[in-house]
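Survey of secondary and tertiary structure
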Amino acid sequence: MSELSVDHLLGIKQITKEDIELIFKTTDHFKDVINRPIKKVPSLRDITIANLFFENSTRTRISFELAEKRLSADIINFSASSSSVKKGETLIDTVNNILSMKVDMIVMRHPEPGAAVFLSKHINSRIINAGDGTHEHPTQALLDSYSIREKLGDVKGKKVLIVGDIIHSRVALSNIYALNMQGAKVCVCGPPTLIPKHIKELGVEVEYDLKKGLEWCDVAMMLRIQMERQNERLFPSLREYAMLYGLNKELLDSIKKEIIVMHPGPINRGVEITSDVVDSKHAIILDQVENGVAIRMAILYLLASKIERA
Amino acid sequence: MTSNIILDPIQFHLTVSRLCYELIENHDDFSESVIIGLQPRGIYLVKRIKSELNRILGEVDIPVGTLDITFYRDDFRRRDIPIAANKTEIDFIIEDKNVILVDDVFYTGRSLRAGLDAMLAFGRPKQVEMLTLIERKYSRHFPLQPDYIGRSVDSLSSQRVEVEWKELNGKDLVKLYTIDA
């Protein structure tokens, strides 16, 4: 197979295991490309991409922008804070105005869950979801699985512990879908108030004791505590959270096996993970960032190949 | 569809061997030269050339690599089915080297155009040459010509040239396929 089964990347839920395989295979080639002296290929030189960020982002935005530039696409960047959205323009109007300037693809981050799906039903363009509220963040999950595969050889059969703010995390949901699809075993861990009530229905285990979870897993994925989504106080204090669910070197050394530690960023050092773990050999956080560019190049390339030429 | 044999196994072997002697005339011991096969079909010819050169010259170290041109092609989004990429393996420096690009069939010149573009991402070679087993004449879309030619054939655009390899198809053969009227 050399074509994706979808026209947009809205979430992991909409794609298949074969799509993931194709994305990873293409990523291998792009990883090779970005390590050459000239890191650019001309594939997308007649494609224009709009990066619409209705919510703040550093890593994802830069990663997409770099991926687009390395594919020679023309890009326009848009951030809600400095736009007419502030003047009351609707999402469809904003996007249609941008599309009338002959844009072929949209990369969008939005605070509302389902924003990407909504947009895909109302406009005629390829859409990549770069995070929609607490719903999905498919490119992050794909780069996480790719990084696990790179480090451990395969995702199938691996035990992955996702720790932290599961209830607000789009990274957790996309990862649960992606890891399950590839045959990994997934367990979520965190205070009961940060774990959705019926999460077991997604085929994951729940563990409230971090040490037990770490002893079980091959990969620990530490999530950021999302201050911006904590309207109600779901745990007493950051200090208490760090004591019970923060990963520190002492705890990591106390378990009797080698595990790899991941974090989607941005890191709250000293809260969900301490500096000595971030900077240790267990952490593959910077590999995740490098792989992010190659994964996004692969997704952009594969989706662009489905755009019909005018 | 009918097929005519352009090169039988004996002619095939003689042709590869002659191409190697031509390479040796220009590149001596290959200390300043590298050979790169264009993916996907050029890699079989490049392997054959390397082993033939080693048979003639003894165990000299000839840097040989493979180059994928998928992301540099000019027909992206113009084909019904997208082409899957292949592996690029160039673990040597091409800067200031004599590069010999190798492909099995030279037809429109579009693969070589993409190959030149892809190769330049690895550095600035001193000189670039092209070697092909089969050249299809009078069918260029670009002003490009191969430097080393195994066999030139006159063919119609409706015809197809196919190179078969012992390791893939059981026999070394080159065939010209013609659609019956």
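Reading guide: rules and limits
- Every chain's residues receive numbers from 1 upward, in the order its sequence appears when written.
- Lettering of chains starts at A and numbering of ligands starts at 1, both following the order in which they are written.
- In keeping with the model being predicted, local features are shown solely for residues with a pLDDT of at least 70 and side-chain atom pairs are shown and tallied solely at 80 or more, while totals for entire chains, interfaces and linings include all residues.
- Water and hydrogen atoms play no part in the side-chain values, which are based on all heavy atoms of the structure.
- We define the nonpolar core as a collection of buried residues of types Ala, Val, Leu, Ile, Met, Phe, Trp, Tyr and Cys that are connected through side-chain atoms lying within 4.5 Å of one another.
- The cut-offs for exposure are 20% and 50% of the maximum accessible area for each residue type, with area from a 1.4 Å probe on protein chains only; residues under the lower value are buried, those over the upper are exposed, and the others partly exposed.
- Each helix is a run of DSSP H or I of at least 4 residues and each strand a run of E of at least 2, with the numbering of both proceeding from the N terminus.
- Annotation comment: domain bounds sourced from an automatic or database domain assignment.
- The contact criterion used throughout is that any non-hydrogen atoms of two residues lie within 4.5 Å.
- Buried area counts how much accessible surface, traced with a 1.4 Å probe, disappears from two parts once they are put together, with both parts' losses summed.
- Salt bridges, as used here, are contacts in which a Lys or Arg side-chain nitrogen is within 4 Å of a carboxyl oxygen on Asp or Glu.
- Between N or O atoms, a polar contact is any pair within 3.5 Å; within protein, one atom must be a potential hydrogen donor and the other a potential acceptor, and residues adjacent in sequence are included only when both atoms are from side chains.
- Ten residues, namely Ala, Val, Leu, Ile, Met, Phe, Trp, Tyr, Cys and Pro, are considered nonpolar, four, namely Asp, Glu, Lys and Arg, are considered charged, and the remaining ones, Gly among them, are considered polar.
- Take the number of residues in a helix, subtract one, and multiply by 1.5 Å to get its expected span.
- Axis definition: a line fitted to C-alpha atoms, limited for helices to the stretch in contact. Angles are taken between N-to-C directions and run from 0 to 180 degrees.
- Any angle between 65 and 115 degrees counts as roughly perpendicular, while under 35 counts as roughly parallel, over 145 as roughly antiparallel, and the rest as oblique.
- It is the rotation of the near helix from the far one that decides the hand of a crossing: anticlockwise by less than a right angle makes it left-handed, clockwise makes it right-handed.
- Criterion used throughout: strands pair if DSSP finds at least two bridges between them.

A separate point is the nonpolar core. Grouped together as the largest cluster of nonpolar side chains are 67 residues, with contacts concentrated most on Phe30, Leu44 and Leu142 of chain A. Here the element with the most residues in this core is helix 11 (residues 285–304) of chain A; it accounts for eleven residues. Counting 30 residues, the second largest nonpolar core, distinct from the first, contains Cys20, Ile43, Val46 and Ile62 of chain B.

Here we come to the domain arrangement of chain A. Residue and element names in this part refer to chain A. Looking at the assigned domains, one finds that chain A contains domain 1 (12–136 + 289–304) and domain 2 (138–288). Taking the mean C-alpha position of each, domain 1 and domain 2 sit 25 Å from one another. Listed per partner, the contact involves 32 residues of domain 1 and 29 residues of domain 2. Carbon and sulfur atoms make up 60% of the area that domain 1 and domain 2 hide from each other, which totals about 2600 Å². Of all residues in domain 1, the largest losses of buried area upon contact with domain 2 belong to Ile12, Phe24 and Asn291, amounting jointly to 24% of the total for that side. The tally of links from domain 1 across to domain 2 stands at three salt bridges. In this structure, Lys31 engages Glu150 in a salt bridge whose closest nitrogen and oxygen atoms are separated by 2.5 Å. The tally of links from domain 1 across to domain 2 stands at 18 residue pairs in polar contact (both at pLDDT 80 or more). Elements that contribute at least two residues to the side of domain 1 that touches domain 2 include exactly helix 1 (17–33), helix 2 (59–70), strand 3 (105–110), strand 4 (126–132) and helix 11.

Between chain A and chain B, the residue contacts involve 22 residues of the former and 18 residues of the latter. In total, about 1900 Å² of surface goes out of reach between chain A and chain B, with carbon and sulfur atoms giving 54% of it. Remark: the boundary between chain A and chain B carries zero salt bridges. At the junction of chain A with chain B, the criterion picks out six residue pairs in polar contact (both at pLDDT 80 or more). At the level of elements, helix 1 and helix 11 of chain A are the ones that each hand at least two residues to the side of chain A that touches chain B. Taken together, the residues of the side of chain A that touches chain B sort by class into eleven nonpolar, four polar and seven charged.

All names here are of chain B. In this model helix 1 (residues 9–27) runs 27 Å from its N-terminal to its C-terminal C-alpha over 19 residues, within 8% of the 27 Å that 1.5 Å per residue would give. Of the residues making up helix 1, those classed as buried are Phe12, Thr15, Val16, Ser17, Leu19, Cys20, Leu23, Ile24 and His27. Of the residues trailing helix 1, Asp28 is marked for its positive phi of about 45 degrees.

Moving on, we come to the packing of helix 5 (residues 138–152) of chain A against helix 11 of chain A. Residue and element names in this part refer to chain A. Across the interface, helix 5 lies against helix 11 with an axial gap of 9 Å and an inter-helix angle of 120 degrees. Judged on the interaxial angle alone, helix 11 and helix 5 are oblique. In this structure, helix 5 crosses over helix 11, and the sense of that crossing is right-handed. Mapping the contact onto sequence places Thr139, Gln140, Leu142, Leu143, Asp144, Tyr146, Ser147 and Glu150 in helix 5 and Asp287, Gln288, Asn291, Gly292, Ile295, Arg296 and Ile299 in helix 11. Of the residues that constitute the contact of helix 5 with helix 11, the class distribution is five nonpolar, six polar and four charged.

Residue and element names in this part refer to chain A. Ordered by their spatial adjacency, four strands build an open sheet running 2-1-3-4, and the pairing between neighbours is parallel. Each edge of the open sheet is held by one strand with a lone partner, namely strand 2 (74–79) and strand 4. With direction set aside, neighbouring strand axes in the sheet form an average angle of 15 degrees. Where strand 1 (residues 48–53) meets strand 3, five bridges bridge the pair, whose relative direction is parallel. Across the sheet, residue Leu52 finds its bridge partner in strand 3, namely Met108. Helix 2 contacts strand 1, strand 2, strand 3 and strand 4 of the sheet and is inclined by roughly 175 degrees relative to strand 1.

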